[in-house]
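Structural overview for review
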Amino acid sequence: MGADFLYEQLHGMMGDTSLLLMIVMPFVGSLIAGFLPSNARNAEVWLAGAIALGELILASAAYPAIAAGGAIRADLEWIPTLGLNFTLRMDGFAWLFAMLISAIGFLVVLYARYYMSAEDPVPRFFSFLLAFMGAMLGIVISGNLILLVIFWEMTSIFSFLLIGYWHHNASARDGARMALTVTGIGGLTLLAGVLLVGHIVGSYDLERVLASGDLIRSHELYVPVLILILLGALTKSAQFPFHFWLPNAMAAPTPVSAYLHSATMVKAGVFLMARLWPVLAGSQEWFWLVGLAGMMSFVLGAYFAIFQQDIKGLLAYSTISHLGLITMLLSLGSPLGAVAAIFHMMNHATFKASLFMAAGIIDHETGTRDIRRLSGLFRFMPITATLAMVASAAMAGVPLLNGFLSKEMFFAEAVETHQISILDTAAPYAAVLGSAFAVAYSIRFIHGVFFGPPPEDLPHTPHEAPFLMRFPMQLLVLACLIVGIVPGLTIGPFLHTAVTSVLSPATPQYSLSVWHGFTLPLIMSVVALVAGAILYLLLKGYLARCEEGPPVFRKLKGQRIFERAMVTVSWRWARFIESQLGTRRLQPQLRLLVLVAFVAAFWPLYSLGFDPGRLNWTNTDPIFAAIWAIGIACALGAAYQAKFHRLAATILLGGAGLVTCLTFLWLSAPDLALTQLLVEIVTTVLLLLGLRWLPKRFEDKSTDAVTIGARLRRVRDFVTAITVGLGVTLISYAVMTRAPPATIADYFLQNAYSEGGGKNVVNVILVDFRGFDTFGEITVLGVVALTVFALLRRFRPAPDSVERPEQQRIQKDFDEARPDREAGDTVSDYLLVPSVIMQWLFPVVIVLAAYLFLRGHDLPGGGFVAGVAMAAAFILQYMAAGTVWVEDRLRVLPVNWIGFGLLFAALVGMGSWIFGYPFLTSHSQYLELPLIGAVPAATAALFDLGVFSLVVGATVLMLIALAHQSIRRLRASRIAAEAASEGA
Amino acid sequence: MELTLALAIGVLIGSGVWLLLRPRTFQVIIGLSLISYGVNLFIFSMGRLRVGAAPVLGSGGTVNPADYADPIPQALVLTAIVIGFATTALFLVVLLVSRGLTGSDHVDGREPN
């Protein structure tokens with residue numbers, strides 16, 4: 001009993017940690033790889049290789065548990081209310097794929113070391129490759145269907161990034177976009193299908209879904225589920241009619257083609273079909289849909305492959321064809337077919353990856369992949385040639401190689417009758433035909449590239465690739481041979497574990513031996529081999545001259561249809577809709593916005609009726625009314641003057657702001673009043689700084705004849721404004737005359753002191769109760785300030801605003817006309833008294849800011865107000881003495897203030913993690929300080945310090961960036977003038 | 001009192017909307033500022049409005065929420081004021097850059113025909 005218990009424990013722990021590690025490791029590696037220097041090829045390879053090897057070791061170590069216990073699991077709660085758990089589950093089938101992904105991943109990393117040139121930015125490559133590895137492993141060991149779809153989409157995205165790795169290349173960009181569009185749409189339909197499955201089964205857990213096969217197959221939604229999931233699987237595995245993206249994906253670097261587009265990612269589709277085989281297969285619909293797609297892909301892919309001139313194109317079509325073979329096997333619905341399918345997935349990955357590597361070596365060493373230009377390479381690279389020959393023989397299904405075994409099983413299954421129909425009758429003929437084509441293109445690849453006369457005028461003189469570049473190929477080809485000769489001793493037990501985990505109750509008897517006697521499948525094999533060889537001999541002459549692509553079908557390209565569809569949908573339709581409904585003019589858009597807001601507010605009023613409350617909270621105070629008479633006059637004045645009298649409008653706006661500020665004070669909100677007052681100051685400074693760059697506009701009634709159209713527009717806008725204003729008045733009145741409902745305000749008031757340690761409840765809410773919101777807000781503030789700064793760095797004013805403003809010109813002329821005056825004297829004399837006062841105010845305002853900050857937790861004040869006050873202190877200096885004078889004496893570095901503020905606030909927030917509390921949990925207590933006595937100290941005050949620093953930085957940055965424009969222009973024009981005078 | 005405040009909010013927002021629909025960028029920026037005053041006051045008035053209530057907790061004892069000004073609208077509006085300044089600055093700079101690039105201070109970047 002003890003041993004059993006220990007085993008269970010060990011089993012559980014193994015599952016949890018090793019599965020999690022398998023997922024996390026590649027992604028962490030991807031992050032690290034992305035930040036290594038761009039020429040660190042070796043470091044990248046060590047990192048990526050170590051991770052792939054680590055995956056391999058983890059997977060291998062898990063095998064005993066899987067072989068004994070069936071599957072290992074790791075469960076983490078994610079969003080349990082949605083039935084979404086982060087469940088990882090590795091059974092035999094997943095294990096086989098995990099081994100494949102990590103082993104070939106390791107070999108591809110090694111190969112890529114020699115393939116990628118020194119100019120390629122390798123961090124991006126290895127980072128994406130590792131992330132892809134993680135996502136692909138995620139697909140195979142997901143124990144939850146939603147999680148599987150998420151990883152599925154991630155592989156599409158990383159495949160997109162890797163195909164487009166050489167993004168200077170148009171075909172890489174187009175291929176990447178096409179692959180993403182096709183597989184991404186498939187991913188979305190897969191998600192829809194999975195959601196339906198979850199609806200039927202009531203769970204997304206893979207084990208529960210696998211146990212509910214009968215329920216799903218008998219459900220009325222079975223056909224939609226099947227179609228949606230198959231769309232996902234067939235697009236991913238590049239099956240007819242969605243195959244066209246795969247040849248275009250060959251613009252990717254060859255290691256990517258070897259890894260993603262032959263060994264792993266394109267297998268995800270057939271993996272999923274095999275995974276869900278016990279649930280979905282066996283019906284008429286499954287047989288027809290999957291069978292037709294598989295057969296078409298198998299035969300047409302092989303046929304197209306014969307006529308490819310690009311080696312990688314040939315291999316891509318061959319991949320489509322082999323995946324079609326697997327799909328056909330899965331369509332049959334017989335357990336033996338599924339066994340053969342799983343076996344062929346592994347075999348295809350081995351020989352196809354090695355062939356892609358060979359293609360990469362050929363490309364690398366000769367500079368071309370065009371079969372017409374290549375020939376006789378055997379004498380230059382005998383080892384590569386031999387390896388490629390063995391691998392293509394496996395691809396063609398020659399005995400004693402792994403491809404032969406699975407192909408025999410395929411033939412045996414094709415001959416069997418499964419569902420009586422034309423498709424079933426055609427299967428053996430299609431199988432022989434496709435295999436004959438496969439033989440033809442395999443011979444073509446070998447004969448065309450390695451034999452014949454020596455090649456002429458190749459970009460490089462060919463020679464053998466370095467040992468380590470050939471090494472991955474050698475291993476893979478060795479695997480083809482060993483599996484092909486002694487299958488039972490090598491892959492046998494592992495395949496059995498995998499097959500059992502998919503088919504568990506229905507696992508059939510099958511034999512992996514090489515020799516089954518003179519059976520029908522063997523005869524079919526011989527026929528295919530002979531027919532393929534004859535076909536190649538007949539076509540040889542034609543192929544050496546013809547264009548890319550098979551005759552007749554050359555014109556009909558899936559790619560072209562895809563592009564036309566894309567243009568129609570994303571360009572023509574979009575342009576049509578834009579031309580009908582869109583506008584590039586702002587005013588109609590704003591009008592629409594106002595209208596929508598109005599309707600949104602008006603609708604409930606209309607449907608529920610307008611009923612002002614009866615509450616009279618206080619009688620109208622004549623002083624308050626008088627203040628607002630001024631405020632309303634200011635607002636109307638600003639609206640009236642904003643076109644021709646900007647300065648006046650700015651001042652009037654300030655007036656309205658001050659009245660708002662007084663209102664806050666009147667209504668017991670001193671915090672708001674303080675903030676409003678200080679923000680009012682900086683806003684005014686900001687607008688004044690901006691005025692200088694706007695065009696002069698003079699009101700001239702005699703020439704500005706107002707057209708009828710303009711008059712009508714004004715009337716319309718005026719009515720809109722009045723209506724909106726009236727509406728807002730009514731709503732506000734209705735709300736204010738009602739007793740407010742009980743809100744969480746009471747809670748905050750009652751707990752501010754006991755939990756937040758502060759008496760100023762507003763400040764406690766900001767920095768403690770709702771600290772996370774404030775953190776978001778200061779982040780926004782920082783982002784906005786940096787955006788302002790960035791926009792102004794490349795600021796180019798309009799030509800008519802470049803020269804000095806009129807007043808400065810007059811002052812300058814005046815100064816220059818008198819020998820006893822320096823330039824700028826007038827302005828400094830003129831502002832002497834205020835500027836001295838302002839300069840002396842600097843320490844005073846700083847003390848004020850410090851005071852506001854320190855008392856903020858208990859009295860009106862706080863980080864925001866103190867920050868704006870501090871910024872005002874700096875701005876006053878700029879205004880008093882000029883930018884140049886200040887910056888000669890003071891380095892403000894607002895960007896550092898912003899960075900410090902944000903980091904400090906975040907660190908304070910994270911500090912609570914150390915004590916095991918959530919982010920931004922604050923702590924407060926009283927500290928006994930000598931001489932001063934008990935001082936309240938809350939960590940929230942530290943957070944407030946971050947807020948303070950950021951507000952200072954952001955405000956100063958925005959104002960200074962704008963103020964700098966004037967001197968930058970002057971400096972630039974002075975430099976230009978000096979250059980001109982020197983030139984003369 | 002409530003009528004005064006409601007009218008004030010209405011006028012602020014009405015003038016703001018009028019300016020928002022004008023063609024010149026500076027008008028729009030003044031309009032947005034007026035609207036932000038109006039909206040801030042509107043949000044503020046959604047809470048428990050009090051004249052002469054204590055904004056800061058007294059020392060010790062239990063707290064009767066009815067004695068104090070409503071802190072929630074204040075907290076909301078306080079950050080809104082600061083963010084409002086930031087967006088005003090951003091918009092001002094965008095309009096300056098747009099005027100530099102297009103030579104026009106029309107909101108569409110070109111003078112109407």
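Above this text is the structure in question.
Residues numbered from 1 in each chain as written. Chains lettered and ligands numbered in written order. Predicted model: local features only at pLDDT ≥ 70, side-chain atom pairs only at ≥ 80, totals over all residues. Heavy atoms only, no water.

A look at the overall build of chain A
Helix and strand counts for chain A come out as 38 helices and four strands. Taken over 984 residues, chain A has a buried fraction of 52%. By element, 69% of the accessible surface of chain A is carried by carbon and sulfur atoms, the whole surface being about 43,900 Å². (Helix = DSSP H or I, 4+ residues; strand = E, 2+ residues; numbered from the N terminus. Buried < 20%, exposed > 50% of the residue type's maximum accessible area, 1.4 Å probe, protein only. Areas by Shrake-Rupley, 256 points an atom, 1.4 Å probe, with all protein chains shown as cover.)

Observations concerning the overall build of chain B
Summing up its helical and strand segments, chain B has three helices and zero strands in all. Taken from N to C terminus, the helices and strands of chain B fall in the order α-α-α. If you take every contact in chain B between residues at least 6 apart in sequence, the share linking residues at least 24 apart comes to 51%. Counting every atom, chain B has about 3,600 Å² of accessible surface; 63% of that belongs to carbon and sulfur. (Contact = heavy atoms within 4.5 Å.)

Considerations on the pattern of salt bridges
All chains considered together, the criterion is met by 20 salt bridges over all chains. The closest approach of N and O atoms between Arg24(B) and Asp105(B), which form a salt bridge, is 3.0 Å. Note that Arg24(B) is positioned in the loop between α1 (2-20) and α2 (25-45) and Asp105(B) in the segment after α3 (71-102), a separation of 81 residues in sequence. You can call Arg24(B) buried: its relative accessible area is 10%. One connected set of salt bridges, linked through shared partners, spans Arg73(A), Asp75(A), Arg89(A), Asp91(A), Asp205(A), Glu207(A) and Arg275(A). (Salt bridge = Lys/Arg side-chain N within 4 Å of Asp/Glu carboxyl O.)

Focus on the environment of Val415(A)
All names here are of chain A. Of note, Val 415 is situated in helix α18 (residues 402-415). Given a relative accessible area of 32%, Val 415 falls into the partly exposed group. As for Val 415 and Tyr 429, which are separated by 14 residues in sequence, their C-alpha atoms are 9.0 Å apart. In this structure Val 415 touches Leu 520 and Met 524, once residues within four positions along its chain are discounted.

Some thoughts on the interface of chain A and chain B
Contacts between the two partners involve 108 residues from chain A, matched on the other side by 82 residues from chain B. Of the roughly 8,500 Å² buried between chain A and chain B on both sides combined, carbon and sulfur atoms contribute 78%. Remark: the boundary between chain A and chain B carries four salt bridges. Ionic pairing is found between Arg646(A) and Asp105(B), a salt bridge with its closest N-O pair at 3.7 Å. Across the chain A-chain B interface, the total number found is nine residue pairs in polar contact (both at pLDDT 80 or more). By residue number, the principal contributor to the side of chain A that touches chain B is helix α28 (residues 708-736) of chain A, which donates 15 residues. Across the side of chain A that touches chain B, the residue classes tally to 64 nonpolar, 26 polar and 18 charged. (Buried area = accessible area lost by both parts, 1.4 Å probe. Polar contact = N/O pair within 3.5 Å; in protein donor to acceptor, adjacent residues only side chain to side chain. Nonpolar A, V, L, I, M, F, W, Y, C, P; charged D, E, K, R; others polar.)

Topic: unusual backbone geometry
Residue and element names in this part refer to chain A. The amide bond that connects Phe 240 to the next residue, Pro 241, takes the cis arrangement and shows omega of 0 degrees. Relative to the elements of secondary structure, Pro 241 occurs in the loop between α9 (222-236) and α10 (245-248). Even without a glycine there, the phi angle at Leu 400 is positive, about 75 degrees. Along the chain, the position of Leu 400 falls in the loop between α17 (382-396) and α18. A positive phi angle, near 50 degrees, is found at Leu 893, a position not held by glycine. Among the secondary structure elements, Leu 893 is positioned in the loop between α36 (883-889) and α37 (894-914). Look at Leu 893 and you get partly exposed, because its relative accessible area is 39%.

Things to note about the packing of aromatic side chains
Any aromatic ring pair is given by two values, namely how distant the centres are and how the planes are angled relative to each other. One pass over the structure, following the stated rule, counts 37 aromatic pairs over all chains. These aromatic residues form a ring-pair network of at least three members: Tyr303(A), Phe304(A), Phe307(A), Tyr317(A), Phe437(A) and Tyr542(A). Here Arg692(A) stacks its cationic end above the ring of Trp693(A), 4.1 Å away from the centre of that ring. Taking the ring centre of Trp18(B) as reference, the NZ or CZ of Arg22(B) above it sits at 4.0 Å. (Phe/Tyr/Trp six-rings, centres within 6.5 Å; stacked < 30°, edge-to-face > 60°. Lys NZ or Arg CZ within 6 Å of the ring centre and 35° of its normal.)

Side note on the packing of helix α5 (residues 145-163) of chain A against helix α6 (residues 170-201) of chain A
Residues and elements named next belong to chain A. Packing of α5 against α6 leaves a shortest axis separation of 8 Å and a crossing angle of 175 degrees. In terms of their interaxial angle, α5 and α6 are classed as roughly antiparallel. Across the contact of α5 with α6, the residue classes break down as 17 nonpolar, five polar and two charged. (Axes fitted to C-alpha atoms, helices over the stretch in contact; angles between N-to-C directions. Parallel < 35°, antiparallel > 145°, perpendicular 65-115°, else oblique.)

Description of the pairing of strand β2 (residues 84-91) of chain A
Residues and elements named next belong to chain A. The buried fraction of β2 is high, at seven of eight residues. Sheet topology note: the strand β1 (residues 71-79)/β2 ladder contains eight bridges and is antiparallel. Its bridge partner lying in β2, Leu 76 is registered against Phe 86. (Pairing = 2+ DSSP bridges.)

Observations concerning the side chain of Ser331(A)
Residue and element names in this part refer to chain A. As for its position among the elements, Ser 331 is in helix α15 (residues 311-331). A polar contact of 2.6 Å, which involves the side chain of Ser 331, links it to the backbone oxygen of Met 328. With near-sequence residues (within four places) excluded, Ser 331 lies in contact with Trp 286, Phe 287, Val 290 and Gly 291.

Quick notes on the environment of Ala866(A)
All names here are of chain A. Structurally, the position occupied by Ala 866 is in helix α35 (residues 863-881). For Ala 866, a relative accessible area of 0% corresponds to the buried category. The sequence separation of Ala 866 and Leu 854 amounts to twelve residues, and the corresponding C-alpha distance is 8.9 Å. Aside from chain neighbours lying at most four places away, what touches Ala 866 is Ala 849, Leu 852, Phe 853 and Phe 948.

A word on a nonpolar patch on the surface
On the surface, Leu400(A), Leu475(A), Leu478(A), Leu481(A), Ile482(A), Ile485(A), Val486(A) and Leu489(A) cluster together into a nonpolar patch covering about 680 Å² of accessible area. Relative to the assigned elements, Leu478(A) resides in helix α20 (residues 467-485). (Patch = residues over 30% accessible without salt bridge, like charges linked within 9 Å, V, L, I, M, F, W, Y side chains within 5 Å.)

Quick word on the packing of helix α16 (residues 335-366) of chain A against α17(A)
Residue and element names in this part refer to chain A. It is the contact of α16 with α17, at a shortest axis distance of 9 Å, that shows an interaxial angle of 145 degrees. You can see that α16 and α17 cross each other, and the crossing is left-handed. Across the interface between the two elements, Phe 351, Lys 352, Ser 354, Leu 355, Ala 358 and Ile 361 from α16 touch Thr 384, Ala 388, Ala 391, Ser 392, Ala 394 and Met 395 from α17. Across the contact of α16 with α17, the residue classes break down as eight nonpolar, three polar and one charged. (Left-handed = near helix turned anticlockwise from the far one by under 90°.)

A closer look at the nonpolar core
Counting 211 residues, the largest nonpolar core has Met90(A), Trp245(A), Leu280(A), Trp286(A) and Leu330(A) as the members making the most contacts within it. For this core, the element with the highest residue contribution is α16(A), accounting for 18 residues. Once you skip the residues sitting within four places of it in the chain, Trp245(A) turns out to touch Met178(A), Ala179(A), Val182(A), Thr183(A), Thr235(A), Lys236(A), Ala238(A), His261(A), Met265(A) and Val266(A). Residues Ala873(A), Val952(A), Leu5(B) and Ile81(B) belong to the second largest nonpolar core, which totals 131 residues. (Core = buried A, V, L, I, M, F, W, Y, C linked by side-chain atoms within 4.5 Å.)

Points about helix α12 (residues 267-275) of chain A
Summarising burial for α12(A): nine of the nine residues are buried, a large majority. Restricting attention to buried positions, one finds in α12(A) the residues Lys267(A), Ala268(A), Gly269(A), Val270(A), Phe271(A), Leu272(A), Met273(A), Ala274(A) and Arg275(A).

Details of helix α2 (residues 41-69) of chain A
With 29 residues, α2(A) extends 41 Å from end C-alpha to end C-alpha; this agrees with the ideal 42 Å at 1.5 Å per step. Phi for Gly70(A), located one or two positions after α2(A), is positive at around 95 degrees. (Expected span 1.5 Å × (residues − 1).)

Brief notes about the environment of Ile139(A)
Residue and element names in this part refer to chain A. Tracing the sequence through the fold places Ile 139 in helix α4 (residues 122-141). Accessibility expressed as a relative area gives 0% for Ile 139, which makes it buried. When the C-alpha positions of Ile 139 and Ala 268 are compared, they lie 7.6 Å apart, and in sequence the two are 129 residues distant. Setting aside residues up to four positions removed in sequence, Ile 139 forms contacts with Leu 148, Phe 151, Trp 152, Thr 155, Ala 268 and Phe 271.

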